[in-house]
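Observations on chain architecture
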Amino acid sequence: MKAGAGPVSLPVPVVWSEDCLRHEPGGEVWLGVRDEGTEVPARAMVLRDALAAAGAPVVPARAHGDEILRAVHDPELLDHLAGIWRDWAEAGLPADCGRDRVVPYVFPTPGMLAGLPLRSPPAVHGRAGLFCYDTMTLVGPGSWAAIRGAADAALTAADLVSSGERLAYALCRPPGHHVTRGAYGGSCYLNNAAIAAQALRAAGARRVAVVDIDAHHGNGTQMIFYDRPDVWYGSLHVDPGAGWFPHYAGYATERGSGDGEGGNRNLPLAPGTGDDAWLAALTTLCGEARAREPDAVVVSLGLDAAATDPESPLCVTEAGYRAAGRLVAALGPAVLIQEGGYDLASLGGLAVAVLSGAAEGAGLDAS
Ligand SMILES: [Zn+2]
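Residues numbered from 1 in each chain as written. Predicted model: local features only at pLDDT ≥ 70, side-chain atom pairs only at ≥ 80, totals over all residues. Heavy atoms only, no water.

Some remarks on the pattern of salt bridges
Going through the model one piece at a time under the given rule, you end up with 22 salt bridges. The partner of Arg 99 in a salt bridge is Asp 96, and the shortest N-O contact between them spans 3.8 Å. Accessibility expressed as a relative area gives 40% for Arg 99, which makes it partly exposed. What makes Asp 96 partly exposed here is its relative accessible area of 39%. Note that Glu 360 is salt-bridged to Arg 326, the shortest N-O span being 2.7 Å. Remark: Arg 326 occurs in helix H10 (residues 318-329) and Glu 360 occurs in helix H11 (residues 344-361); sequence separation between them is 34 residues. Judged by relative accessible area, which is 37%, Arg 326 ranks as partly exposed. A single network of salt bridges, built from pairs that share partners, joins Asp 66, Arg 70, Asp 79, Arg 148 and Asp 152. (Salt bridge = Lys/Arg side-chain N within 4 Å of Asp/Glu carboxyl O. Buried < 20%, exposed > 50% of the residue type's maximum accessible area, 1.4 Å probe, protein only. Helix = DSSP H or I, 4+ residues; strand = E, 2+ residues; numbered from the N terminus.)

Encoded structure:
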């Protein structure tokens, strides 16, 4: 949308849950220091307001049961997230200066256990690291409501596409693509994209393709579907080998395993990559997705590959995002799931650009 052009109609439903504002991470502990953090509630407001101003219909998320969530995540992870703040507060930790959020300090890595069975320790401060793999994904009093609201937004968007909408966008916050079957991290708590993919499968899609254009590798989504033949996962992201999160996954050699062998595709990009190389990689990825003949598509829509974003070294423009929207939406019926994107000044314009491109790619008429 050009300045002064006035509102334009954007024919993509924006699924929204007010609960997504209730998660206040209160910063992140990164390299031992608690920083302010960039995954803030204002992100969701900026996105919703920009899309509504561009003419997109805002649809409330509908409450769903846990069945789909439990199909992609270990029930123990869900129970942990639902109860960890309550247990932390009951233990008196928030009253102790500086313990106003759940921050793990010990992680039961395979090296620590050295073959011992994994147990759930009674002390909540010991248990805090049981399902979490980093120190920057904090839990506070409103976190669970927002996590559940984001999952409901993803499920509602999947319902819309399953019932005939060509496109639907879920304004999920917190984001989700770093969450594996049994562990959360990377400012993510439940994997909204995986939940949407599973819901599409449950509604009858035989094959689903997940295309992840967030600046970071979606290690969680990759591993949830790594050995499954029914959900293909492809990602373009800044090369973890160049020093970027999630560090331990996202390499080109990760191609799936077992029944999912060949069903995973990573295209790591050098820091500094701009529109041309980013869109060339996305074109490759979309070609491979199309070859799987998916009945439905999930797009992990991170806006943090933008040149303006503080969380990645990629240099994509608004025009690049608009072109990306066209490419991914041309693949078929698509659920777009909000992932990262942290520059509050440019976030709204980027979201409008990518959804406008998606509407074009899907052949939807703006009225
Ligand atoms: Zn990201």
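What follows picks up the thread again.
Some thoughts on the coordination of the zinc ion
Tetrahedral metal sites with four donors have an ideal angle of 109.5 degrees; octahedral sites with six donors have ideal angles of 90 or 180 degrees. Around the zinc ion, the protein contributes the donor atoms Asp 214 (OD), His 216 (ND1) and Asp 304 (OD), which lie 2.0 to 2.2 Å from the metal centre. Here the donor residues of the zinc ion share one chain and are spaced in sequence as D-x1-H-x87-D. In this pair, His 216 is assigned in the loop between strand S6 (208-212) and helix H8 (219-224) and Asp 304 in the loop between strand S9 (296-301) and H10, connecting sequence segments 88 residues apart. There is no split in this pair, since His 216 and Asp 304 are both buried. (Donors = N, O, S within 2.8 Å, 3.2 Å for Na, K, Ca; no water.)

Geometric descriptors of this kind do not, in isolation, establish any biological role.
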